[in-house]
There are 2 protein chains.
Amino acid sequence: MTAETPTRSKRRRRRRGREDGPPPAPAINFKRSIPLYEMAPAEAVERIHLSTLDLLERSGIEFHSAPALETWRKAGAEVEGERVRIPRELLLEQVALAPEQFVQRARNPANSVTIGLDQVAFSPNYGSPFVRDLSGERRYARLGDFEDLARLAQMTPSCNHAGGVLCEPMDVPIPKRHLDMTHALMRLTDKPFMGSVTAGERAQDCVDMCRILFGADFVERNTVIMGLVNCNSPLVWDDTMLAAVRAYTEAGQAMIVSPFCMQGASAPITTAGAMVQINAEALAAVAYMQLLRPGTPAIYGIAPSTVSMLSGAPMYGAAEAMFLTFLGNQLARRYGVPTRAQGMRTTAKLADAQAGYESVQSMWPAVMAGGHFHTHTFGWLESGLSACLAKFVMDGDQATVFLRLMAGVTVDDETLAMDAFEEVGPGGQYLGCANTLRHYRDAFFIPPTSFIDTYEQWQEEGAADTLQRATEIARQRLAAHEPPPLDAGTADALAEFVARRKAELPDSNF
Amino acid sequence: MTAETPTRSKRRRRRRGREDGPPPAPAINFKRSIPLYEMAPAEAVERIHLSTLDLLERSGIEFHSAPALETWRKAGAEVEGERVRIPRELLLEQVALAPEQFVQRARNPANSVTIGLDQVAFSPNYGSPFVRDLSGERRYARLGDFEDLARLAQMTPSCNHAGGVLCEPMDVPIPKRHLDMTHALMRLTDKPFMGSVTAGERAQDCVDMCRILFGADFVERNTVIMGLVNCNSPLVWDDTMLAAVRAYTEAGQAMIVSPFCMQGASAPITTAGAMVQINAEALAAVAYMQLLRPGTPAIYGIAPSTVSMLSGAPMYGAAEAMFLTFLGNQLARRYGVPTRAQGMRTTAKLADAQAGYESVQSMWPAVMAGGHFHTHTFGWLESGLSACLAKFVMDGDQATVFLRLMAGVTVDDETLAMDAFEEVGPGGQYLGCANTLRHYRDAFFIPPTSFIDTYEQWQEEGAADTLQRATEIARQRLAAHEPPPLDAGTADALAEFVARRKAELPDSNF
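Residues numbered from 1 in each chain as written. Chains lettered and ligands numbered in written order. Predicted model: local features only at pLDDT ≥ 70, side-chain atom pairs only at ≥ 80, totals over all residues. Heavy atoms only, no water.

(A) Molecular detail of the overall build of chain A. Tallying secondary structure elements over chain A gives 19 helices and 19 strands in all. Relative to the compact-globule value of 24 Å for 510 residues, chain A shows a C-alpha radius of gyration of 24 Å, a close match. Taking all 510 residues of chain A together, 66% fall into the buried category. When contacts within chain A are restricted to residue pairs at least 6 apart in sequence, long-range pairs at least 24 apart make up 75% of them. Counting only carbon and sulfur atoms, one obtains 50% of the accessible surface of chain A, whose full area is about 16,600 Å². The averaged location of the 60 negative side-chain charges in chain A is 3 Å from the averaged location of its 49 positive side-chain charges. (Helix = DSSP H or I, 4+ residues; strand = E, 2+ residues; numbered from the N terminus. Rg over C-alpha atoms; globule rule 2.2 N^0.38 Å. Buried < 20%, exposed > 50% of the residue type's maximum accessible area, 1.4 Å probe, protein only. Contact = heavy atoms within 4.5 Å. Areas by Shrake-Rupley, 256 points an atom, 1.4 Å probe, with all protein chains shown as cover. Lys, Arg positive; Asp, Glu negative; His and termini not counted. Charge placed at Lys NZ, Arg CZ, Asp CG, Glu CD.)

Following this line, the structure appears as structure tokens:
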């Protein structure tokens, strides 16, 4: 039970003075101890699997990249123009080389994350050109917003991965953005992070910066950065994305390969068909990574949306996307590859009730299905167009609820509480009994963004809605943030690298 | 895809004129076709089961009612004062008489609901003394509000059970409320409904009104009404509740027997212990009903909340309540008794983001766990203190999402869409392909309360939040409501009964 709502912090100020520092990190375990939910019967999963193999073997998939086509040709695939037809044995033999689980190192070793099997990562919003700032304004994102989002990632206990493109810093020329973003992630957080994929040389810069931060030897032996590439769905892996894949993979770094599934537009409208396509796109990329460097960590991306048949607008929180999340995780388990899941996504323009409903509708299937790397878990709004700082905090609370759910329940002599029944008896109450006194401290998590006291107290304290409370908490967290200590020599070397590369690179807008 | 947001209705008016009538009922099936989620291993369920039997047999439970004590004594339980110690064989043998599934008849036969096994009911908010009305005001509820909530129940396609105390009509004296409420449910809806339990004679009035509506013979042979009684937890069934149980049970009508579990206050703080108590309270009441009339439909109530250890305030959407929902459904399945689940509950004071988050956090476990009768699915706010008309509509949309989830996914030749891959190919798009044209009409459900189009459209249309959109839709639904046809003789007889009983009963406030 943290104490961060405006009121509670007032109370707390009286008790403990104004400077509270960061919220006490609840003992959060990013481990799944509850059973997986298998939505579809094994036969259905098998049919999708076999249809995928047929599709890749007979019809094929396109790789718009000469070096990739060469790699496939050498490996024994049938290459015709940019079309690659992949024999099923080749595909499955390569996919089997991807690790089931891997560790991404953080510069603070205590913050390294394990991804795969029963270990998960919760990571922020990714890729938004706009922000909803703490004044409530919606505007183009700036580097200052990116830095604030990085600070929130650092200060949010249920966020164990700082993410990558927390928003697009539109005030920085495109060719230089990756430098400022990566630099901010390295300075303002000591959690694991992601790098750029918008060009091969930008990806390379990110890897080079990691060599400064971690040391080149360490980077050679460990996963210290991760990229996220989207398929140009349907069934095209384009040159830019493949150049990024090569830069990360050849350095032994991790990559999320993510089909861009908008059911009815970039993928079949029927769920089983959309799943075949997602599976084909993800497996082809996982296999390609293994051809480049066997054993490289790959994450199978599942981030589906449906599309309005009236307007073409994407939607989140629909049942069909849930089915894809369930099926995709069942398939990825069959192949032994960790998954990317979709986080708390919504089409809502504001952090209002729609945002709350849809975000949780989006997250539950991912948690039940056994998703591993949860992108967009914090702060996503407007189908990804905006990063909302207040929603980052709200989503942080809900992520804690999910982590507590994933921790499962213990049934043993102590928790069965037979002594409490003896002590309290029919008609009594448990507030002061011995069992309660032993357990109350960490019995329940009260989300700081939720108001749970009476209506009268709520009115007295200004009748704030969740958005107002979360905005205030975000302000507190940003004020309390301090950059985690970084060796001065490393800091200087990073700053020099960034300055040099920024001088070399153009100020173009592409 | 309905078209009910303010904007869309504007568009629609142009196309189809002002009078739209009720929203087209989507083909909704209240059937579960997806697997159950078994959170706890069988051994854990067994330990809770055995601990429950121990508790009821050794320590016992209280029935504060002379006729109930007499019934238990005759059945072979050990009765000492008001304490009843129930031998495990007696308990289990009685519980086994409760049906696994039953039908509650509606006056419109097409609206009868089946409850239990793979069939579910979604039912509105129950018991709130306050409302949030469509002007946004929060005030004591009145009979007019009750009637509006009944109209919304009738007009909401994902609501297949009209519920009972939709709010407390505070402008009607307590001894007469049940007459006006039951009368409103009978007039304004033709869906199944619930009756009063606040006194034995009030419960009897409700049953008598059903005899007028359905015919006495029909009532004798069918379940036409249901009550909801709460245990005076811990481990006390009080006189008032038991009198209602007797009135319904002796008439062969259904009853939800619901432990009132606030973890840490009225139940042990540890989840396994709270589960033992819920199980003991529910099973004792189910068994008692079977002693009164074997085979009477009973519903095992699971509606847990946790409690703030700072203020004693109840909370919804916590992981611990989720575990109780999962465990409780596993136990009830073991006994073959349908369950009551908790619906879309929240502590939020407004239908804001907190309300959205917590409502879905509350509903998912109930759906995954296999809950059957989902109370409080529509309109609940403020830990149940307020019924919110706008949230009724929002929750209605989310209930549709849950029903679509429960319908599951089909994997077959048609949905695998291999023809679409042929037709579209890499780099194409699916919007106009044959597979899409065959499926787009009912491919996705777009919640009318969700805004999914662009930010610019949203601004142009007034930048409404979900609450504003839902308020407008609620107004439209209320305006479109017409009382379902009722035979004039029956209507007169009901009105006479209500008038006579109201004349006989006092205007007291208890």
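(B) Spatial organisation of the pattern of salt bridges. Evaluated as defined, the whole model comprises 58 salt bridges over all chains. Between D54 of chain A and R58 of chain A there is a salt bridge, with its nearest N and O atoms 3.5 Å apart. Here the residue D54 of chain A and the residue R58 of chain A both occupy positions in helix α2 (residues 42-59), the gap between them amounting to four residues, near one helical turn. Among the salt bridges present, the one from R85 of chain B reaches E78 of chain B, with a minimum N-O distance of 3.7 Å. What emerges from the salt-bridge pattern is a single network uniting E201, D205, R500, R501 and E504 of chain A. (Salt bridge = Lys/Arg side-chain N within 4 Å of Asp/Glu carboxyl O.)

(C) Broad picture of the relation of the copies chain A and chain B. Once chain A has been moved 0.0 Å along the axis and rotated by 180°, it coincides with chain B to within an RMSD of 0.0 Å. On the angle and the small slide along the axis, the relation comes out as a two-fold axis. (Least-squares fit on C-alpha atoms with pLDDT ≥ 70 in both.)

(D) Representation of the sheet that holds strand β15 (residues 314-315) of chain A within the structure. Residue and element names in this part refer to chain A. What the three strands build is an open sheet, ordered β12-β14-β15; its pairing is mixed. The open sheet terminates on both sides in strands that have one partner only, identified here as β12 (262-263) and β15. In this structure, β12 lies alongside strand β14 (residues 305-307), joined through two bridges in parallel fashion. Within β14, the residue paired with Q263 across the bridge is T306. (Pairing = 2+ DSSP bridges.)

(E) Representation of the interface of chain A and chain B within the structure. Listed as interface residues are 115 residues of chain A and, on the opposing side, 115 residues of chain B. In this assembly, chain A and chain B are joined by four salt bridges. We note a salt bridge from R47 of chain A to D413 of chain B, for which the minimum N-O separation is 2.5 Å. The element contributing the most residues to the side of chain A that touches chain B is helix α12 (residues 353-369) of chain A, with 11 residues. Across the side of chain A that touches chain B, the residue classes break down as 59 nonpolar, 33 polar and 23 charged. (Nonpolar A, V, L, I, M, F, W, Y, C, P; charged D, E, K, R; others polar.)

(F) Layout of the pairing of strand β11 (residues 254-258) of chain B. Residues and elements named next belong to chain B. Among the five residues of β11, five are classified as buried, and the element is accordingly described as predominantly covered. Along β11, one buried face is formed by A254, I256 and S258 and the opposite face, lined by M255 and V257, is buried too. Relative to β11, strand β9 (residues 226-230) is paired through five bridges, and the arrangement is parallel. Considered in β11, the bridge of N230 is made with S258. Where β11 and strand β13 (residues 298-301) come together, three bridges link them in parallel fashion. Each bridged residue has a counterpart across the sheet, and for I256 the counterpart in β13 is I299.

(G) Representation of the environment of L56 of chain B. Mapped onto the secondary structure, L56 of chain B falls in helix α2 (residues 42-59). Every residue in contact with L56 of chain B, bar those within four places of it in the chain, is listed here: I61, V84, R85, I86, L91, A280 and A284 of chain B.

(H) Broad picture of the sheet that holds strand β7 (residues 130-132) of chain A. Residues and elements named next belong to chain A. The mixed open sheet is built from four strands, whose spatial order is β8-β7-β19-β18. The sheet is open, and its two borders are formed by β8 (138-140) and β18 (380-381), each paired with just one other strand. Examined bridge by bridge, β18 and strand β19 (residues 386-388) share two bridges and lie antiparallel to one another. Following the sheet pairing, W380 is matched in β19 by A387. Strands β7, β18 and β19 of the sheet are contacted by helix α13 (residues 389-407), whose axis makes an angle of about 60° with β19. (Axes fitted to C-alpha atoms, helices over the stretch in contact; angles between N-to-C directions.)

(I) Highlighting unusual backbone geometry. Residue and element names in this part refer to chain A. Note the cis peptide between S233 and P234, where omega equals 5°. Summarising the element assignment, P234 is placed in the loop between β9 (226-230) and β10 (236-237). One non-glycine residue, A463, lies in positive phi territory at about 50°. Tracing the backbone through its elements, the reader meets A463 in the loop between α17 (455-460) and α18 (466-480).

(J) Structural detail: the confidence of the model for chain A. Residues and elements named next belong to chain A. With 95% of its residues at a pLDDT of at least 70, chain A reaches an overall mean of 93. Contacts for the low-pLDDT stretch residues 1-26, under 50 throughout, to residues beyond four places or in other chains number 41 contacts. Both scores are available for the predicted complex, with the pTM at 0.94 and the ipTM at 0.94. (pLDDT = per-residue confidence, 0-100.)

(K) Region of interest: the packing of helix α13 (residues 389-407) of chain B against helix α18 (residues 466-480) of chain B. Residue and element names in this part refer to chain B. For the pair α13 and α18, interaxial distance at closest approach is 8 Å and the crossing angle is 95°. As far as their axial angle goes, α18 and α13 are roughly perpendicular. Counting all contacts with α13, which are made through L389, A390, V393 and M394, the residues of α18 involved are T466, L467, A470, T471, I473, A474, R477 and L478. In the contact of α13 with α18, the residues fall into nine nonpolar, two polar and one charged. (Parallel < 35°, antiparallel > 145°, perpendicular 65-115°, else oblique.)

(L) Representation of the packing of aromatic side chains in the model. Residues and elements named next belong to chain A. Overall, the coordinates contain 26 aromatic pairs over all chains when judged by the stated rule. For the pair Y316 and W380, a centre-to-centre distance of 5.5 Å together with 85° between the ring planes defines the contact as edge-to-face. Of this pair, Y316 sits in the loop between β15 and α11 (319-335) while W380 sits in strand β18, placing them 64 residues apart in sequence. With a relative accessible area of 4%, W380 lands in the buried category. (Phe/Tyr/Trp six-rings, centres within 6.5 Å; stacked < 30°, edge-to-face > 60°.)

(M) Layout of the packing of α2 of chain A against α11 of chain A. Residue and element names in this part refer to chain A. At a closest axis distance of 10 Å, the pairing of α2 and α11 adopts a crossing angle of 75°. Comparing the axis directions of α2 and α11 gives the class roughly perpendicular. Every residue of α11 that contacts α2 at V45, E46, I48 and H49 is listed here: L327, Q330, L331, R334 and Y335. A class-by-class count of the residues in the contact of α2 with α11 yields five nonpolar, two polar and two charged.

(N) Quick look at the state of the cysteines. All names here are of chain A. Per the counting criterion, the structure on display carries zero disulfides over all chains. C231 carries a free sulfur, and the closest cysteine sulfur to it, the one in C261, is 11 Å from it. With no disulfide partner, C388 has as its closest neighbouring cysteine sulfur the one in C167, 12 Å distant. The exposure class of C388 is buried, given its relative accessible area of 3%. (Disulfide = S-S within 2.5 Å.)

(O) Representation of the environment of T449 of chain B. Structurally, T449 of chain B is set in the loop between α16 (434-439) and α17 (455-460). Between the C-alpha atoms of T449 of chain B and K391 of chain B, which are 58 residues apart in sequence, the distance is 9.7 Å. Those residues in contact with T449 of chain B that lie beyond four places of it in its chain are Q354 of chain A together with V393, M394, D397, T466, R469, A470 and I473 of chain B. Side chain to side chain, T449 of chain B and D397 of chain B meet in a polar contact 2.5 Å long. (Polar contact = N/O pair within 3.5 Å; in protein donor to acceptor, adjacent residues only side chain to side chain.)

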